Structure formats: structure tokens, C-alpha cells
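The residues making up each chain are set out below.
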Amino acid sequence: MKLQEHIDKISWSFADKLLFVLYGFVHLFQMTFMDTGQLGLYALFIGANTWIFIIGDFFALQGIIQFGANKSGRGKVNLLALMFISIIAVGFSFLAFVFKAQIAHLFNQQGLIEILTYLPLLSLAMVPRTFNMKLLYRDHNLKGIFFVDLVFFGIMSFLTIFLVYNSNAINFNDLAILYIIGTASSSLFSIIIARKQLTFNLLGCITIRRFVGFSLPMTLQAAMHSLPRQLDSYFIIMVFSPAVAGIYYSAKTLYRFFEEAGSAAYGLLYPPAVKLINNKDLSGLRDLMTKGVSFMFAAYLLGFVLIQAGIGELLITTLLPERFYAAIPQFKILSIGILAIPFYTLSLIINASGRPDKVLKFITYAISFTIIAYAFVAYSAAPELIPLGLVLYNIIYGVLCYLYIKSNLGFPASSIFRAFRDTKHYIVTNFLNINK
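If you're wondering where the values come from, they're calculated on a predicted model, not measured in any experiment. The written sequence of each chain sets the order in which its residues are numbered from 1. The predicted nature of this model means local features are confined to residues of pLDDT at least 70 and side-chain atom pairs, given and counted, to a pLDDT of 80 or more, with totals for whole chains, interfaces and linings taken over all residues. The side-chain values count all of the structure's non-hydrogen atoms but skip hydrogen atoms and water molecules.

The helix and strand inventory of the chain stands at 18 helices and 0 strands. Atoms counted for the radius of gyration: C-alpha only. Globule rule: 2.2 Å times the number of residues to the power 0.38. Taken over the C-alpha trace, the chain has a radius of gyration of 22 Å; the compact-globule value for 436 residues is 22 Å, and the two agree within 12%. Seen along its three principal axes, the alpha-carbon backbone of the chain occupies a region of about 60 × 55 × 45 Å. Throughout, exposure labels follow a simple rule: accessible area from a 1.4 Å probe, protein chains only, divided by the maximum for the residue type, with under 20% read as buried, over 50% as exposed, and the rest as partly exposed. The proportion of buried residues among the 436 residues of the chain is 51%. Considering only residue pairs separated by 6 or more positions, the chain has 83% of its internal contacts joining residues 24 or more positions apart. For the chain, the accessible surface area stands at approximately 19500 Å², while carbon and sulfur atoms represent 69% of it. By the criteria applied, helices consist of DSSP H or I runs no shorter than four residues and strands consist of E runs no shorter than two, each listed in order from the N terminus. Here, residues are in contact when the closest pair of their heavy atoms is within 4.5 Å. Every accessible area reported is derived by Shrake-Rupley at a probe size of 1.4 Å, with residue values counting cover from the shown protein chains alone.

In C-alpha cells:
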């Protein structure tokens, strides 16, 4: 895989992730006007919605990538995917709404009633966005994805300015409504961008049984993989309080920059990995995965060093008020986990090669360590140690994925550092030789 041959796609993907980074700063700006408890409620709201749509994405929408290569059958694949994502997203959020009083009683948090009231509205607004974005990913239309996200983040940024101008405080209700409006707007725009791909019919050989058979193992993976990421706030409010959840959420907002980069890599590498495996091009597959992991690891290693050197503390003390300073040690611990993100993206190779059962096994092992870590945090009553659950999960999962790939496809430890060699070779070949 030569990076220069994909520079256009990489550029648009980078620009899209830059939007996430820029809105991350907008979100930090929002936090300066929020009480930590109100931010904790927002963390619960976003966590529940994200978890539902992760399940929906893997059960309903991954089939668009897996079975959408055959253009003659895309209409039926699209129909099944839209049907399943709608049932899952609206169904889960509506059930949560119906039983909101019982859920609030279980967690002893009356604020959950308000959260679960908004959840179905956000799910309805988000279904078109997530469905159309997957169509754009399938066709490598990263430019279209960029503009859909631009509408999403642009409208929320504008509404943030409006809120701040008219009030000196932002509460959970404000952010929830803002997020729903931004989501609905980007959904409408995504329909315009993806309109030519919106074909629905019953033609094609794909069956519901085959579709579900492929999706179900990956859905179990996604549901468990996202637990330490999206629903950790529910553990925090049971052991501590929404205010502690809000402080941890501020640390995770900075950490999420690295997770978004990992998601971008997954979206870029999964389709070509499927193609290389189908073509039995093992040499090309090794090149794809070693280069992808190595360049990610080099970037994350730099990020880790900078955070430990004090850039994380500088960001928090500069961008957030003093009530969020307790997030500093949490962010430093979280940064340890970013070093494992490049390695657990190898799960896409394992999935694409037809062994999702292995990935599910690795996730189960990693989750067990997360549970132990959370039990320790609860016993010690030390909120600064909350990130241990996610960090241990990342490390165990990443190591297991790497060892499997190394054993079955070949990924020597030396290849982890090929980014440094490749970069040096590129500089020598394209710049130093010119001056001779």
C-alpha cells in the first residue's frame, strides 16, 4: 500500500478528524459554563446514545461494507441495513424511555428520567445520519463525510455561541437540545449528499439469515468493546456522583481525540483489508496492517510523551476552570491506554479473515480485567484511579490482537517501528538525493 496513492482520501479523512478536534475545543469551552454535575448528566446521555448506535452500526450497517461490493445487490442490502438500524436505535431508546423511572431508581439518580426522555428524540434524529455515513464510507466518499460532519459540528458551534451570548450558564437541557438539533441537521444534509446511493429493493442474493449471521458476532464484540468506553459513567454515578462523572468526562474529552484517530484508521483500513483477504493477497495485507499500525503507534507515542511531559496539564488548566483540575491525573493515566489503540485496530484484520469469535474471546478477557479494576477503584474510593479500567482493557485487548496476528499472519516486533524506517527512507529518497 503506497500512501501517496491514497493521499486524497487520507487528506479528507484528516480534515474530517480535524473537525472533531476543533469541536473538542468548542466542547471544552461549553464546559467552562457548566456545573460538573450537569456535565455528568450529559456524559450519561451521550454514553447511552453512543452505545446504542455502536450496536446498531455493527449489527445493521457493517453489512453495507461487507455485502455492498456487488452493486446489483446493494438495494436489498441497504433495505435490510436501514430496517435493522431503525429497529435497534428506536427500539432500545424507546424501551429505556418506558422504563426510565425504574432505571433511575436502580442507579439512585433522578436525573436519568430527564436523560432517557431525550434519548428517543436523539435516536430518531441520528438514524439517517449514521446510515448515510456508512454508504459514504462504502464508496470511499470521504469528502462527503467531511461536509456532513461540518454541518453537524458547525451548527452546534453556532448554537453554543448563541447560548453563551444569552446566558452565563449552560445546563444539561441546553446541551441535549443543541446536540439533537445538530444531529437532525446533519441527517438532512447527509440525505442530500448520499441521495444517489439511496436505492432500496428486494433484488439480490443476500438473505436475512446470512446478513444476521455475519453481523451477530461483530455486534456482540461491539457491545462489549464499548462498555468501558461509553457506559463507564454509569459505574461512576453508582460509586461516586454525577459531579465525579463530569470531571472524568472532561478528561475523556481530551482522550477522545486519540480514539477518533483510531476510528478513522479503522474506517480507512477495513474496506481494503476485506478486498485483500478476498483476493488472497497476503503480502499486500501484511503491508497494509504493518504500515497502518506502525504510523499510528509513532503518532500515539509522541502524544503520550507530550502528555506525560505536561501538555495535558497545560491544556486542562488553560481551557477549563479550577473545578475540573481533578481531571489532570485521570488524563495522564488515560494516556497510557492510547499506546494500545493501534494494536487493537488489528481486530479488523481478524474479523475480515472470518474469525470474529477470536476477537470476541479477546474482548471477554479484557473486560474481565476492567471489572477487576473497577472493583478496586470502588474499594479504594479513589476517583483519580477511574481510568484504570479503560487502560487495562486497551492493553489486554491490544496485546491479544497483536499476538494472534503475529502468530497467524506474520507481524514481527521490528515492523512496529517501520514508520521510522519508512519516513527516513522517504526523506533520503525524495529530498536528500535531490541536492546531490
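Running from amino to carboxyl end, helix α16 (residues 356-380) crosses helix α17 (residues 388-408) at an angle of 155°, the nearest separation of the two axes being 8 Å. Taken as axis vectors, α16 and α17 run roughly antiparallel relative to one another. Where α16 crosses over α17, the two elements pack in a sense that is right-handed. Across the interface between the two elements, K358, V359, F362, I363, Y365, A366, I367, F369, T370, A373, Y374 and F376 of α16 pack against L388, G389, L390, L392, Y393, I396, Y397, L400, C401 and Y404 of α17. Note that Gly is not counted as nonpolar here; it falls among the polar residues with everything else outside the nonpolar set of Ala, Val, Leu, Ile, Met, Phe, Trp, Tyr, Cys and Pro and the charged set of Asp, Glu, Lys and Arg. Here the contact of α16 with α17 is composed, by residue class, of 19 nonpolar, 2 polar and 1 charged. Axis lines are fitted to C-alpha atoms, over the contacting stretch for helices. Their N-to-C directions set the angle, which ranges from 0 to 180 degrees. If an angle is under 35 degrees, it is roughly parallel; if it is over 145, roughly antiparallel; if it lies from 65 to 115, roughly perpendicular; otherwise it is oblique. Crossing handedness follows the turn of the near helix against the far one: under a right angle anticlockwise gives a left-handed crossing, and clockwise gives a right-handed one.

What follows deals with the packing of aromatic side chains. Each Phe, Tyr or Trp ring, with Trp reduced to its six-membered ring, pairs with another whose centre is within 6.5 Å; inter-plane angles below 30 degrees give stacked pairs, above 60 give edge-to-face pairs, and intermediate values give tilted ones. For the structure shown, the criterion picks out 29 aromatic pairs. Here F45 and F172 contribute two aromatic rings whose centre-to-centre distance is 5.6 Å and whose plane-to-plane angle is 85°, an arrangement assigned as edge-to-face. In this pair, F45 sits in helix α2 (residues 36-67) while F172 sits in helix α7 (residues 172-193), placing the two residues 127 residues apart along the sequence. Residue classification places F45 among the buried residues on the basis of a relative accessible area of 0%.

Salt-bridge detection follows one rule: a side-chain nitrogen of Lys or Arg within 4 Å of a carboxyl oxygen of Asp or Glu. Under the criterion given, the structure shown has 8 salt bridges. R129 is the salt-bridge partner of D149, the closest N and O atoms lying 2.7 Å from each other. On the criterion of sequence distance, the pair formed by D149 in helix α6 (residues 142-166) and R129 in helix α5 (residues 111-138) is long-range, its members being 20 residues apart. The same class applies to D149 as to R129, namely buried. Shared partners join several salt bridges into a network, and the residues in it are R74, R138 and D139.

Moving on, we come to the packing of α5 against α7. Where α5 meets α7, the axes come as close as 8 Å, and the angle between the chain directions of the two elements is 25°. Considering their axes alone, α5 and α7 lie roughly parallel with respect to each other. In this structure, the crossing between α5 and α7 has a hand that is left-handed. Looking at the contact of α5 with α7, its residues break down into 16 nonpolar, 6 polar and 2 charged.

To estimate how far a helix should extend, the number of its residues minus one is multiplied by 1.5 Å. Here α5 contains 28 residues, and its C-alpha end-to-end distance of 39 Å stays within 8% of the 40 Å for a straight helix at 1.5 Å per residue. Maximum bend of α5: about 35°, positioned at M126, with proline P128 one to four residues after it. Once α5 finishes, H140 follows within two positions and takes phi at roughly 55°, a positive value. Across the chain, bend at a residue is computed as the angle between axes fitted to the seven residues ending at that point and the seven starting from it.

Mean pLDDT over the chain: 87, with 93% of residues reaching 70 or higher. Each residue carries a pLDDT value, the predictor's own confidence for that position, ranging from 0 to 100. Mean pLDDT values for the elements of the chain range from 69 in helix α18 (residues 418-432) up to 96 in α7.

Moving on: a nonpolar patch on the surface. Residues qualify for a patch when their relative accessible area is over 30% and they have no salt bridge, like charges being joined within 9 Å and the nonpolar side chains of Val, Leu, Ile, Met, Phe, Trp and Tyr within 5 Å. Where nonpolar side chains cluster on the molecular surface, the patch consists of V90, F94, L95, V98, F99 and L124 and spans about 550 Å² of accessible area. By residue number, the principal contributor to the nonpolar patch is helix α3 (residues 74-98), which donates 4 residues. Along the polypeptide, L124 turns up in helix α5. Residue classification places L124 among the exposed residues on the basis of a relative accessible area of 54%.

Within the secondary structure, V359 is located in helix α16. Exposure remark for V359: the relative accessible area of 0% places this residue in the buried category. Separated by 45 residues in sequence, V359 and Y404 have C-alpha atoms that sit 9.6 Å apart. Contacts of V359, omitting those with residues within four sequence positions, involve Q221, S347, I350, N351 and Y397.

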